[in-house]
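# Fold and contact review
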Protein chains: 4
Amino acid sequence: MAPAGAKRNILERLDAGEIVIGDGGFVFALEKRGYVKAGPWTPEAAAEHPEAVRQLHREFLRAGSNVMQTFTFYASDDKLENRGNAQRFTGAQINEAACDLAREVANEGDAMVAGGVSQTPSYLSCKSEAEVKGIFKRQLNVFVKKNVDFMIAEYFEHVEEAEWAVQVLKTSGKPVCASLCIGLDGDLNGISPGDCAVRLVKAGANIVGINCHFDPMTCVKTVKLMKEGVERAGLKAHYMVQPLAYHTPDCNCQGFIDLPEFPFGLEPRILTRWDMHKYAREAFNVGIRFIGGCCGFEPYHIRAVAEELATERGFLPAASVKHGSWGAGLEMHTKPWVRARARRDYWEKLKPASGRPKCPSMSTPDSWGVTKGHADLMQHKEATSMDELKPLFEKAKC
Amino acid sequence: MAPAGAKRNILERLDAGEIVIGDGGFVFALEKRGYVKAGPWTPEAAAEHPEAVRQLHREFLRAGSNVMQTFTFYASDDKLENRGNAQRFTGAQINEAACDLAREVANEGDAMVAGGVSQTPSYLSCKSEAEVKGIFKRQLNVFVKKNVDFMIAEYFEHVEEAEWAVQVLKTSGKPVCASLCIGLDGDLNGISPGDCAVRLVKAGANIVGINCHFDPMTCVKTVKLMKEGVERAGLKAHYMVQPLAYHTPDCNCQGFIDLPEFPFGLEPRILTRWDMHKYAREAFNVGIRFIGGCCGFEPYHIRAVAEELATERGFLPAASVKHGSWGAGLEMHTKPWVRARARRDYWEKLKPASGRPKCPSMSTPDSWGVTKGHADLMQHKEATSMDELKPLFEKAKC
Amino acid sequence: MAPAGAKRNILERLDAGEIVIGDGGFVFALEKRGYVKAGPWTPEAAAEHPEAVRQLHREFLRAGSNVMQTFTFYASDDKLENRGNAQRFTGAQINEAACDLAREVANEGDAMVAGGVSQTPSYLSCKSEAEVKGIFKRQLNVFVKKNVDFMIAEYFEHVEEAEWAVQVLKTSGKPVCASLCIGLDGDLNGISPGDCAVRLVKAGANIVGINCHFDPMTCVKTVKLMKEGVERAGLKAHYMVQPLAYHTPDCNCQGFIDLPEFPFGLEPRILTRWDMHKYAREAFNVGIRFIGGCCGFEPYHIRAVAEELATERGFLPAASVKHGSWGAGLEMHTKPWVRARARRDYWEKLKPASGRPKCPSMSTPDSWGVTKGHADLMQHKEATSMDELKPLFEKAKC
Amino acid sequence: MAPAGAKRNILERLDAGEIVIGDGGFVFALEKRGYVKAGPWTPEAAAEHPEAVRQLHREFLRAGSNVMQTFTFYASDDKLENRGNAQRFTGAQINEAACDLAREVANEGDAMVAGGVSQTPSYLSCKSEAEVKGIFKRQLNVFVKKNVDFMIAEYFEHVEEAEWAVQVLKTSGKPVCASLCIGLDGDLNGISPGDCAVRLVKAGANIVGINCHFDPMTCVKTVKLMKEGVERAGLKAHYMVQPLAYHTPDCNCQGFIDLPEFPFGLEPRILTRWDMHKYAREAFNVGIRFIGGCCGFEPYHIRAVAEELATERGFLPAASVKHGSWGAGLEMHTKPWVRARARRDYWEKLKPASGRPKCPSMSTPDSWGVTKGHADLMQHKEATSMDELKPLFEKAKC
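For clarity, every value in this text was computed on a predicted model and none was experimentally measured.

Attention now moves to the nonpolar core. Judged by nonpolar contacts, the single largest core of 227 residues is most densely connected at Phe-256 of chain A together with Phe-256 of chain B. Once you skip the residues sitting within four places of it in the chain, Phe-256 of chain B turns out to touch Phe-28, Cys-212, His-213, Leu-244, Tyr-246, Thr-248, Cys-251, Phe-262, Leu-266 and Cys-295 of chain B. Grouped together as the second largest cluster of nonpolar side chains are 225 residues, Val-27, Phe-60 and Phe-143 of chain C together with Tyr-155 of chain D included.

Shown next, in the form of structure tokens:
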């Protein structure tokens, strides 16, 4: 395996004004390919089916991604057991396999390996700062051993927990990203995006931003608020964004999880590649330079981001050899009226129909309790009976 | 490589009343993964990136597919050159590589290998029966050499050309499927689905049906008309269906090609896994026993077909180990209101929103000429200037 | 009261190639104004609130209508009693008041008075031809006494009953129109629109066509089928159409009654005045010369019909003094961007949004039984308990 | 004419905790009936066609309205001439005729007469306070002469101009309402609804609130903000709301005028009577006691408001004799499945379809300039050529 550092690391790139393109959503993509189970969402496929995980890494690399995130989401031993799967592999085996796969493919191109940690059940259950930090520390040990290039603390709904994560990850000496899964209204305690960003930078994060839970434009707007907060505070940072590939105009503060369509009916909300062009341009204009994706992002979505920013980056991704920008490949279609679609103007203006006239265009989010300090509820999350839980949630309803 | 015939072949299965599950759409899936170019749609990836093609075969196998179709769509030398790609591989190399990949993965499970031919530019240019049959014959030679298990003549808009293909394929002694890409109105010469089916059976097809161009329910209804025609004629056949995974209620007689969203804005039309359950059940009820998919079908769509028919088949597909039927996996989700969605009733009744309130639900198909006997137009299809062509099409407009 | 015949009657006009514009829907318009009760839909307002009925007649006259239909829908004594209203007026009083109001306003402009009969409960209950004809005869007596200009037999779902009505109305010596409330599939016994039209002409109707139940374009297409039938049979007739002012693409064979939105949630389906322009032009092009409206048509809808056909008729309706064609009045709006809408092109192309993103665009029609020969069910229609009825309908379900 | 004061006036009613129901939108309703021209929107029909205006007053009275607003919108001489209509009547004649009609019908039931003034071109052209107040004073003179029961200053986009109006109207000694046509973002100078309300109360308004421009729920929410502002300031007032009868979720700060559908394509946005029940309940819950409607409100919409609040008011409106609450009249329908809709639950939950699958559910508002202090633009509003204006608006664009 190539030594980390053989390539320029993320801060060198960002400090030089370069664009770093992230990868897409492994959990959702591998669920559709048959290797991850929706519900537990655990990453044992890294050990069980390495060829499938490797292939997805490779597709994102070809699509233009400079970051291979290790497929280690929810990969702590307790979480894995928790999920009731009789495991053929230990957590350590899964984590190590994931690091090796990410490194193997990163070495095939111009990509870095990022290790990741995310929010813990322990925090929601009101465990102490020391306990929560202990969890992050144990995860970090694997990433240090495998010598990833940088760390990402992502998918946090409470900025306090994200600060704790950043403080732990900083001990590695590696660059640290901090990414919250919040929207314009701020974290679940109502702390504004700007204030969240300031706290994360003060905790030591080099790069701050948003991932998951909301559609691209909402995430970009939220990062813009974070940037304004950081600048108002006289601080400096880089910015990242890794949104959903789903339209979520009808979400409440908890994002797409509360939509009735989550997670098995989201298809009509999937963004087209042309939506991704708009997203990439807008993120760039706002000053974000680490631009990637989360759930729903398939390789062609990342390719669209790389194609939109090809002028700024100076090159097209490898996979563009199989793609004509703005539909140019259609010039070779057999039907003349399809050939007539081989132009930017056509795709940029298209308002795609859903073909579902008996369905609405927007939903009412579903949620029994959206709460600040809802730890007592979360402690019951393993209860077997929904009936037990419902009254608690009714009480907590916002 | 295991000899063909080690497993029971398709007619044995169908004669025994078994369900044969097909695979999904390679061209569209590999375009999104970065290995096929939209427009030319040629399969050089079989030679260039075998790991990507192998992986997709494997995902369909795990999802329940009993048929590995060789990834040889549009793989004749003339077509490949035509498309303007400086080729690193000859047509023969691509075709042989595709056969080998299909066989390799078929051998990993209970699957057969099917070779395929489809409609030719030569037919549309009014070449002679001998010339058109010559093309089919050259393609067949590869499949015979590679000893595929059976043959599929698919994606024909004119039944006459499909008859010619069937007549050629029959010379191999292998079972022959004949599948048209037509809707309820019949082929482009206005021959009804029932009459088409009768002609195909008389030409020697063992299995007849429909693929591509229309959504699942439309395709099932069209096969039903074919079946009624065959039965009325006192003939016997088996039936197959491999539809799109897109909702197309607004199509005209040429199918999804004419929709303004084809091929890069179809996302909001993608069927959910639950739509696939309904499709599989309806196809089964109509008496179709070879049930698969075409463009837009991803592995999870095939898995849904296999899950719907698990009782009839007596087993679940391998990938179901990573999937709870009807959302059962959500019982392990952290949010209680998402856990409450772990039930058939919820997903069966969901009307998914598109999240696109400024878009319509249906489109107006686009087509400059939908014609019977439009050969003169088609001869111009390689013209460089659209302006030259437009008047011709205006004239021919139906 | 002016004598009938002072003006040219309907056949003179139609024979001379003139366009006769009908009026709109009294029952629905007066329900919204507070004078008719939805459910019974009876016309006692003619006697109770003559000023309201007179005003609506006058608005249609000003809008361009040449026909004042007497507001006598469902005005037979049995129907009025049936409906459980303690009546302050007898059926005779209501009918006579309605005739007087229609004549009074017709005399204010270039309009004729038309008396009307429609389908009877007696027919559905399988009463004899003599009994059903007796009902029509008693209604006709009032219209003869009041000397209306011509007669309309309208809103029939079974052509046989319409034939009986025509035969009775012919005895008056007045011109007779026959209008069915059926769609492209024909009457409820499955008799095609063309065959229905032939039978009505043979029974003596001078003018045949369609009213109510479906949207304008569907009704125009159905009249076209009627016209083709009549011409094929070597007969001659004039044609009329009086459709709904609601979009009904999702109707089944019984029309808008089965839509879940009937009758109190139809608002999002209301046609704009611009939709009416298209309707009027299409009706004219098909060869229909008696063009009006039914439920949902407000005065401004009729005005739009008259404005579209102003060139052919040679004049604008009186109410156009308060309306700029194709939005021309907006030239005087205070906001410049609204002034910019004062042009045909703008309104002709507008795809109006519903502002209802959580609603579908199409519904599933609702119907317990759509039946041919469903007399046994209809006999129970006065039953008080729905529970009694439901099983009967389940049994009859089509 | 009956003397004002014969009935209890509006403040006595509101102070006693009673609900006062307003009327609906005369300008839009009479445009559809053929008596008002869209664009100029002037009320000469009061003199030209008194029977049409009287009839509409009567319908609102029957529907439950306690307020007959004189039909005098835009009835100043300069405005009437401005509009380029060769007038058969002077402004004074029109205004006096309107007052007489309102009084005549008010005397037929339990209703008061309200005179009204609204925003002036003079204010937008930066005329002095004295000049603008002079205009209001001249209008007031007519209302004092005709002895209306109270005054409404309505449809103001700038609170400053509304204050001036209130100050003038107060000199009459009559109760004064002040109603702005703003949304949640406040007036066009960005003054919040709460601050606007405080200023209006301080200027002497007894009743403050919102009319026109936005849908019912938006207007109710805006009045809620006004009420909170007044209460925070330690002041006291009564509250009124008279919204549109159109869904406007997609409006910008200037309301429905900017929607592409204004004013001739709004049909799919019309609220049903059931939407009105929700509106009336919500307005009541928020503490608003003067509840009416503006553009789009037809008599049946006001009836629905009166029916929703029948328990609180102790009686149903006269027109309810022709309406079964929550569809009860359908019990008498001939089709059983329509009879099954005679229940609250059905209509309360219905999501009405638009029948327009090729249309979006939401629009993009249209506006060349939404400006604070856009007087220079407004001065050009009489320019004949749009081309002259466009660059000015481009420059001012917000």
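Picking up after the structure, the text goes on.
What follows covers the packing of aromatic side chains. All names here are of chain A. In total, this model carries 72 aromatic pairs over all chains according to the counting rule given. When the centroid spacing of 4.8 Å and the interplanar angle of 80° are considered together, the rings of Tyr-346 and Trp-347 count as edge-to-face. Comparing Tyr-346 with Trp-347, the two get one shared label, buried. The ring of Phe-284 carries the charged tip of Arg-289 above its face, separated from the ring centre by 3.9 Å.

Mapping chain C onto chain D is achieved by rotating through 180° and translating by 0.0 Å along the same axis, at an RMSD of 0.0 Å. On this basis, the relationship between the two copies can be described by a two-fold rotation axis. Residue Pro-268 of chain C of chain C places its C-alpha closer to the rotation axis than any other residue of that unit, at 1.8 Å. When the interface residues of chain C are mapped onto chain D, 100% of them again lie at the interface, so the same face is used by both copies.

Moving on, we get to the relation of the copies chain B and chain A. Put simply, the second copy of the chain is the first one after a rotation about an axis and a shift along it. In the superposition of chain B on chain A (RMSD 0.0 Å, axial shift 0.0 Å), the rotation amounts to 180°. An overlap of 99% is found between the interface residues of chain B and their copies at the interface of chain A, pointing to a shared contact surface.

The figure often quoted for interface size is the accessible area lost as the parts come together. Each partner contributes residues to the interface: chain C has 92 residues there, and chain D has 92 residues. Of the roughly 8,300 Å² buried at the junction of chain C and chain D (both faces included), carbon and sulfur atoms supply 56%. The largest contributions to the chain C side of the interface with chain D come from Phe-264, Lys-322 and Trp-337 of chain C, which together make up 11% of the buried area. On inspection of chain C and its partner chain D, the count reaches twelve salt bridges. One salt bridge in this structure joins Glu-48 of chain D and Lys-322 of chain C, with 3.0 Å as the shortest N-O distance. Remark: the boundary between chain C and chain D carries 46 residue pairs in polar contact (both at pLDDT 80 or more). Elements that contribute at least two residues to the side of chain C that touches chain D include exactly helix 2 (26-33), helix 4 (50-63), helix 12 (273-286), helix 13 (299-308), helix 15 (336-339), helix 16 (344-349) and helix 18 (386-396) of chain C. Of the residues forming the side of chain C that touches chain D, the biggest block, six residues, is contributed by helix 4 of chain C.

Another point: the sheet that holds strand 1 (residues 20-21) of chain C. Residues and elements named next belong to chain C. Sheet architecture is open: eight strands sit in the order 1-8-7-6-5-4-3-2, paired in parallel fashion. Edge positions in the open sheet fall to strand 1 and strand 2 (67-69), since each of these has one partner strand only. This element, helix 8 (residues 129-145), spans strand 3 (112-118) and strand 4 (150-156) of the sheet and lies at about 165° to strand 3. Relative to strand 7 (residues 238-242), helix 11 (residues 216-232) is tilted by about 165°, and along the sheet it contacts strand 5 (176-180), strand 6 (207-211) and strand 7.

What follows deals with the interface of chain B and chain A. Each side of the interface is counted separately: chain B has 91 residues, and chain A has 91 residues. Taking both partners together, chain B and chain A bury about 8,300 Å²; carbon and sulfur atoms supply 56% of that area. The largest share of the area that chain B buries against chain A comes from Phe-264, Lys-322 and Trp-337 of chain B, three residues that together contribute 11% of it. Notably, a salt bridge pairs Arg-273 of chain B with Glu-31 of chain A, separated by 2.8 Å at the nearest N-O pair.

For the bond from Phe-262 of chain A to Pro-263 of chain A, the omega torsion is -5°, close enough to zero to count as cis. Along the chain, Pro-263 of chain A falls in the loop between strand 7 (238-242) and helix 12 (273-286). A positive phi angle, near 65°, is found at Cys-126 of chain D, a position not held by glycine. Examined against the element boundaries, Cys-126 of chain D turns out to sit in the loop between helix 7 (121-124) and helix 8 (129-145). The class for Cys-126 of chain D is exposed, based on a relative accessible area of 59%.

Okay, the sheet that holds strand 1 (residues 20-21) of chain A next. Residues and elements named next belong to chain A. Pairing in this open sheet of eight strands is parallel, and the strands run 1-8-7-6-5-4-3-2 from one edge to the other. One side of each edge strand has no neighbouring strand; the edge strands of this open sheet are strand 1 and strand 2 (67-69). Looking at chain direction, strand 5 (residues 176-180) and strand 6 (residues 207-211) are connected through four bridges and run parallel. Residue pairing for strand 6: Cys-177 is matched across the bridge by Ile-207. With respect to the sheet, helix 9 (residues 159-170) is in contact with strand 3 (112-118), strand 4 (150-156) and strand 5, its orientation differing from that of strand 4 by roughly 165°.

In helix packing, the relevant descriptors are the interaxial angle and the interaxial distance, both defined with respect to the helix axes. Here helix 4 of chain C crosses helix 4 (residues 50-63) of chain D at 130°, and the two axes come no closer than 11 Å. By the angle between their directions, the pair helix 4 of chain C and helix 4 of chain D is classed as oblique. In the packing of helix 4 of chain C onto helix 4 of chain D, the handedness of the crossing is left-handed. On the side of helix 4 of chain C, the interface is formed by Glu-51, Ala-52, Gln-55 and Arg-58 of chain C, while helix 4 of chain D contributes Glu-51, Ala-52, Gln-55 and Arg-58 of chain D. Classifying every residue of the contact of helix 4 of chain C with helix 4 of chain D by side-chain character gives two nonpolar, two polar and four charged.

Before going further, it helps to spend a moment on the UniProt feature "binding site: Zn(2+)" (unreviewed entry) in chain A. Residues and elements named next belong to chain A. Sequence positions flagged by UniProt for "binding site: Zn(2+)" (unreviewed entry) are, in local numbering, Cys-212, Cys-294 and Cys-295. These annotated residues cover 84 residues of sequence, and their C-alpha atoms lie no more than 6.5 Å from one another, placing them together at a single site. With respect to the helices and strands, the residue Cys-294 is situated in the loop between strand 8 (290-291) and helix 13 (299-308). Beyond its immediate chain neighbours, meaning those up to four positions away, Cys-294 contacts Gly-24, Gly-25, Asn-211, Cys-212, Gln-242 and Pro-243. Relative to the helices and strands, Cys-295 is located in the loop between strand 8 and helix 13. Under the relative-accessibility criterion, Cys-295 is labelled buried at 11%. Leave out the neighbours within four places in its chain, and Cys-295 touches Gly-25, Phe-28, Cys-212, Pro-243, Leu-244, Ala-245, Tyr-246 and Phe-256.

Let's shift gears to the pattern of salt bridges. Taken as a whole and assessed by the stated rule, the structure comprises 100 salt bridges over all chains. Notably, a salt bridge pairs Glu-129 of chain A with Lys-133 of chain A, separated by 2.8 Å at the nearest N-O pair. Residue Glu-129 of chain A and its partner Lys-133 of chain A are both found in helix 8 (residues 129-145); the two are separated by four residues, about one turn of the helix. Looking at Glu-129 of chain A, the relative accessible area reads 35%, which means it is partly exposed. Measuring nitrogen to oxygen at the nearest pair gives 2.8 Å for the salt bridge that ties Arg-281 of chain C to Glu-308 of chain C. Residue Arg-281 of chain C is located in helix 12, and its partner Glu-308 of chain C is located in helix 13; the two are separated by 27 residues in the primary sequence. Each of Glu-31 of chain A together with Arg-273 and Arg-303 of chain B takes part in salt bridges that share partners, so that together they form one network.

About the cut-offs
Residues numbered from 1 in each chain as written. Chains lettered and ligands numbered in written order. Predicted model: local features only at pLDDT ≥ 70, side-chain atom pairs only at ≥ 80, totals over all residues. Heavy atoms only, no water. Core = buried A, V, L, I, M, F, W, Y, C linked by side-chain atoms within 4.5 Å. Buried < 20%, exposed > 50% of the residue type's maximum accessible area, 1.4 Å probe, protein only. Contact = heavy atoms within 4.5 Å. Phe/Tyr/Trp six-rings, centres within 6.5 Å; stacked < 30°, edge-to-face > 60°. Lys NZ or Arg CZ within 6 Å of the ring centre and 35° of its normal. Least-squares fit on C-alpha atoms with pLDDT ≥ 70 in both. Buried area = accessible area lost by both parts, 1.4 Å probe. Salt bridge = Lys/Arg side-chain N within 4 Å of Asp/Glu carboxyl O. Polar contact = N/O pair within 3.5 Å; in protein donor to acceptor, adjacent residues only side chain to side chain. Helix = DSSP H or I, 4+ residues; strand = E, 2+ residues; numbered from the N terminus. Pairing = 2+ DSSP bridges. Axes fitted to C-alpha atoms, helices over the stretch in contact; angles between N-to-C directions. Parallel < 35°, antiparallel > 145°, perpendicular 65-115°, else oblique. Left-handed = near helix turned anticlockwise from the far one by under 90°. Nonpolar A, V, L, I, M, F, W, Y, C, P; charged D, E, K, R; others polar. UniProt positions renumbered as here; feature names shortened; annotations may be inferred.

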